[in-house]
Amino acid sequence: TTGIGRVYLQRSDASGTAVLVAVQRDLSLDPTAAMRVLLDGPTDDEQDSGLRTAIPRDTRLLSTGFVASGTVEVNITSSIFSATGGDLVGAVAQIVFTLVDIEGIERVALVVDGETTEWPRGDGTLTSRPLTEFDFPSLALSSQPDYPAIVEVVR
C-alpha cells in the first residue's frame, strides 16, 4: 500500500546528544521501500534544519523479507561498519525505528552480506537477536512528559 510513512533521522539535542526524529515521507508501506527511502538520507531542506543520518552513504540494501511473524530480516552491505561507536548505534536505531513504524513489524533482524552479526544496542551491549525500539530507549524523542507526569497531593 502507498501512504504516509516515516523514516527516522538524527538531530543533536541541546546537550549535543544525537536523538532520533521521525520525518514523514510519501512511500510504499513495506520494508524494502522504507529502507530505500531511509538510505537516501535527509533531503536538502532536512539537512538545512539540522537533520542528518548516521548510516554511511555507501551502505546498500541487498534484501528484506519476513522471517517470522512480526520479524523482518534486512540484509545490508558491510559498508554499515564505516560507522563506529555512537554513529553505529544511531545507524542501527534509525533502521529499527523506521521499520517497526510499519504495521506488522515488531522486530528487525539485521544481517550483513547474508551473515548474522552482533549489533550494538543503546546501552552499548552487543546482541545478535532481532532488535526492537526498546533496545534504544535513550535515542528517541518522546512526547510524553517526564515521570511523574502528574503530581497529586494526598492528604
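This is a predicted model, so every value here is computed, not measured.

About the criteria used
Residues numbered from 1 in each chain as written. Predicted model: local features only at pLDDT ≥ 70, side-chain atom pairs only at ≥ 80, totals over all residues. Heavy atoms only, no water. Helix = DSSP H or I, 4+ residues; strand = E, 2+ residues; numbered from the N terminus. Buried < 20%, exposed > 50% of the residue type's maximum accessible area, 1.4 Å probe, protein only. Core = buried A, V, L, I, M, F, W, Y, C linked by side-chain atoms within 4.5 Å. Contact = heavy atoms within 4.5 Å. Phe/Tyr/Trp six-rings, centres within 6.5 Å; stacked < 30°, edge-to-face > 60°. Pairing = 2+ DSSP bridges. Right-handed = clockwise from strand over helix to strand, strands pointing away. Expected span 1.5 Å × (residues − 1).

Trainee: It is not clear to me how the environment of D58 should be interpreted in this structure. Could you clarify?
Mentor: The residue D58 is located in the loop between α2 (44-48) and β3 (61-68) in this model. Its relative accessible area of 41% is what places D58 among the partly exposed residues. Linking D58 and S78, residues 20 residues apart in sequence, is a C-alpha distance of 9.4 Å.

Trainee: Explain the nonpolar core to me, please; I cannot follow it from the model alone.
Mentor: Across soluble globular proteins, nonpolar side chains have a tendency to be buried as a group. In terms of nonpolar packing, the biggest core is built from 39 residues, with I76, I80, I95, L99, V108, W119 and F136 touching the most fellow members. Elements that contribute at least two residues to this core include exactly β1 (2-12), β2 (18-28), α1 (31-40), β4 (71-76), α3 (85-100) and β5 (107-112). Take this core: its biggest share by element is 10 residues, from α3. I76 has contacts with M35, T59, R60, L61, L62, I95, L110, V111, V112, D113 and W119, leaving out every residue within four places of it along the chain.

Trainee: In this structure, what is going on with the packing of aromatic side chains? I would like to understand it.
Mentor: Think of a pair of aromatic rings as described by two things: how far the centres are apart, and how the planes are tilted against each other in angle. Taken as a whole and judged by the stated rule, the model has 2 aromatic pairs. For the pair Y8 and F97, a centre-to-centre distance of 5.4 Å together with 55 degrees between the ring planes defines the contact as tilted. Of this pair, Y8 sits in strand β1 while F97 sits in helix α3, and the two are 89 residues apart along the sequence. Measuring from centroid to centroid gives 5.3 Å for F81 and W119, while their planes differ by 15 degrees, and the two rings are stacked. Highlighted residues: F81 in the loop between β4 and α3 and W119 in strand β7 (residues 119-120), separated in sequence by 38 residues.

Trainee: I keep staring at the pairing of β4 and nothing clicks. Help me out?
Mentor: Remember that side chains alternate between the two faces of the sheet whenever the strand is regular. β4 sits mainly inside the fold: 5 of its 6 residues count as buried. Pairing of β3 with β4, which is carried by 6 bridges, proceeds in the antiparallel orientation. Paired with F66 across the bridge in β4 is V72. Hairpin connection of β3 to β4: 2 residues between the antiparallel strands, including G70 at a positive phi of 80 degrees. For the segment spanning β4, α3 and β5, crossover handedness is right-handed.

Trainee: Can you help me understand α3 in this one?
Mentor: An α-helical turn contains 3.6 residues, so a residue and the one three or four places further along point in the same direction. Over its 16 residues, α3 runs 23 Å from end to end, which matches the ideal 22 Å to within 8%, given 1.5 Å per residue. Most of α3 sits out of view: 13 of its 16 residues are buried.

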